[in-house]
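Remarks on the overall topology
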Protein chains: 2
Amino acid sequence: MGPEDSVSERVLRENLWFYRAFESLDIAEMEQVWAHGDDVTCVHPGWSPLTGWTAVRDSWAAIFSNTTLMQFRITDAQVTAVGECAWVCCTENITSVVNGAVSESKVQATNIFVLRGERWLMMVHHGSPVYRF
Amino acid sequence: MGPEDSVSERVLRENLWFYRAFESLDIAEMEQVWAHGDDVTCVHPGWSPLTGWTAVRDSWAAIFSNTTLMQFRITDAQVTAVGECAWVCCTENITSVVNGAVSESKVQATNIFVLRGERWLMMVHHGSPVYRF
């Protein structure tokens, strides 16, 4: 990440790192992406929200333990940055193997990041099923 | 809205004004709540995202024309503010009459606002169905 990168490029790169961490199915990778405060929120598709890093982390650990493959193709990513806050709205085109079953799905995500030092850390991940195109 | 109000209180109030505008089923009310740029995004539950104020406005007009009653009870609202950006994660407990049919539903929302002058204007509304509690 060089100094020549724009804020939008950096945020989009962090957004892709989140999906690479998801694909890694490694909680240590996911820990690097997120802020770790009481004010982080994660909404997995169809779930009630999880608030605070401990609950969010536990949910990723549970998902990773049931999942053997997760592949994302991210489309229609739109980034907006306002000061030390930025968000990405994007579509996740997902191939997954969960509990032995292969599935293809589409999820709409809103991901909010804040600048902490040199890094844009995830504060909110909100994913939701798409069934009306 | 007095100068004694905290940022969190102001943002939560704007968030409730969004739901009052939704209940009013009046597009002029909804216009007051949103920023009107090309970078606003709206995800209605289960829909693909709509980007830009014209598309977002048209979607509200279409929803309002099919809806005769919309009542929200907002619970579990969590607000975070970072500079001139803020977001609210909240649960919408909804009673609605759409195309003549009464329904009760629960939607999880992430609403992002930016400070423009004295007002916090909506930049993103992402609503998604909740079916795992």
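Preceding this section is the structure that the text describes.
Here goes a summary of the coordinates provided. Once a new chain begins, its residue numbering starts again from 1 and follows that chain's sequence as written. Each chain is given a letter, starting from A, and each ligand a number, starting from 1, according to the order in which they appear as written. Predicted model: local features are reported for residues with pLDDT of at least 70 only, side-chain atom pairs are reported and counted for 80 or more only, and whole-chain, interface and lining totals are derived from all residues. The side-chain numbers reported here are obtained from all heavy atoms of the structure, hydrogens and water having been left aside.

**Section: the sheet that holds strand β4 (residues 85-98) of chain A**
Residue and element names in this part refer to chain A. Spatial ordering of the open sheet is given by β2-β1-β6-β5-β4-β3, a layout of 6 strands whose pairing is mixed. What marks the edges here is a single partner per strand, and that holds for β2 (50-51) and β3 (67-82). Pairing analysis gives 10 bridges linking strand β5 (residues 101-116) to strand β6 (residues 119-129), with the strands arranged antiparallel. Note that in β6 the partner of Gln108 across the bridge is Ser128. What makes two residues a contact is simply this: any of their non-hydrogen atoms within 4.5 Å. Axis definition: a line fitted to C-alpha atoms, over the contacting stretch in the case of helices. Angles run 0 to 180 degrees between N-to-C directions. Helix and strand labels come from DSSP, where a helix needs a run of H or I of at least four residues and a strand needs a run of E of at least two; each type is numbered from the N terminus. Contacts from helix α1 (residues 7-24) reach β3, β4, β5 and β6, with the element oriented near 165° to β3. Where helix α3 (residues 53-66) meets the sheet, its contacts fall on β1 (41-43), β2, β3, β4 and β6, and the angle it forms with β3 comes to roughly 140°. Think of it this way: DSSP has to see at least two bridges between two strands before they count as a pair.

**Structural notes on the nonpolar core**
Among the buried residues, those of types Ala, Val, Leu, Ile, Met, Phe, Trp, Tyr and Cys that are joined through side-chain atoms within 4.5 Å form a nonpolar core. Note on exposure labels: buried denotes an accessible area under 20% of the residue type's maximum, exposed denotes more than 50%, and partly exposed covers the range between, all computed with a 1.4 Å probe on protein chains only. Of all hydrophobic cores here, the largest spans 76 residues; its most connected members are A:Trp34, A:Trp60, A:Trp87, B:Trp34, B:Trp60 and B:Trp87. Discounting chain neighbours no more than four positions away, the residues touching A:Trp34 are A:Phe18, A:Val40, A:Thr41, A:Cys42, A:Trp53, A:Val56, A:Trp60, A:Leu121, A:Met122, A:Met123, A:Val124 and A:His125.

**Looking at helix α1 (residues 7-24) of chain B**
Residue and element names in this part refer to chain B. Helix length check: α1, at 18 residues, gives a terminal C-alpha distance of 25 Å against a target of 26 Å (1.5 Å per residue), a fit within 8%. For α1, the set of buried residues is Val11, Glu14, Asn15, Phe18, Tyr19, Ala21 and Phe22. Buried positions in α1, seen along its axis, are confined to an arc of 155° and lie on one side of it. Those residues of α1 that are buried are in contact with α2 (27-33), α3 (53-66), β3 (67-82), β4 (85-98), β5 (101-116) and β6 (119-129). Downstream of α1 by a residue or two, Leu25 has a phi angle that is positive, lying close to 55°. Expected span, for any helix, means 1.5 Å times one less than how many residues it has. Starting at the helix axis, one direction is taken to each C-beta atom, and the arc is that of these directions.

**Some details on the side chain of A:His126**
Summarising the element assignment, A:His126 is placed in strand β6. Taking the relative accessible area as the measure of exposure, A:His126 reaches 0% and is therefore buried. As used in this structure description, the phrase polar contact means that two N or O atoms lie within 3.5 Å; if the pair is within protein, one of them must be able to donate a hydrogen and the other to accept it, and residues adjacent in sequence are counted only when both atoms belong to side chains. At 2.7 Å, the side chain of A:His126 forms a polar contact with the side chain of B:Thr110. The contacts of A:His126, once residues within four sequence positions are left out, are A:Val43, A:Gln108, A:Ala109, A:Thr110, A:Asn111, B:Gln108, B:Ala109, B:Thr110, B:His126 and B:Ser128.

**Some points on the sheet that holds β4(B)**
Residues and elements named next belong to chain B. Read from one edge of the open sheet, 6 strands run β2-β1-β6-β5-β4-β3, paired in mixed fashion. In this open sheet, the two strands that pair with only one neighbour each are β2 (50-51) and β3. With 2 bridges joining them, strand β1 (residues 41-43) and β2 adopt antiparallel strand pairing. Its bridge partner lying in β2, Thr41 is registered against Thr51. On top of the sheet, α1 reaches β3, β4, β5 and β6; it is set at about 165° to β3, its chief contact. Against the sheet, α3 engages β1, β2, β3, β4 and β6, with an angle of about 140° to β3.

**A look at the interface of chain A and chain B**
Chain A puts 30 residues into the contact, and the matching count from chain B is 30 residues. Buried surface at the junction of chain A and chain B, both sides included, amounts to about 2,600 Å², of which 64% is carbon and sulfur. Counting the surface chain A buries against chain B, the share from its top three residues, A:Trp87, A:His126 and A:Arg132, is 19%. By salt bridge we mean one thing: a side-chain nitrogen of Lys or Arg within 4 Å of a carboxyl oxygen of Asp or Glu. At the surface where chain A touches chain B, the tally comes to 0 salt bridges. For the pair chain A and chain B, the interface holds 6 residue pairs in polar contact (both at pLDDT 80 or more). Listing elements by their share of the side of chain A that touches chain B, those giving two or more residues are β1, β3, β4, β5 and β6 of chain A. Note on residue categories: nonpolar means Ala, Val, Leu, Ile, Met, Phe, Trp, Tyr, Cys or Pro, charged means Asp, Glu, Lys or Arg, and polar means any other residue, Gly included. Per-class residue counts for the side of chain A that touches chain B are 17 nonpolar, 10 polar and 3 charged. Once two parts are put together, the accessible area they lose, assessed with a 1.4 Å probe and summed over both, is termed the buried area.

The values are spatial; any link to function lies outside them.
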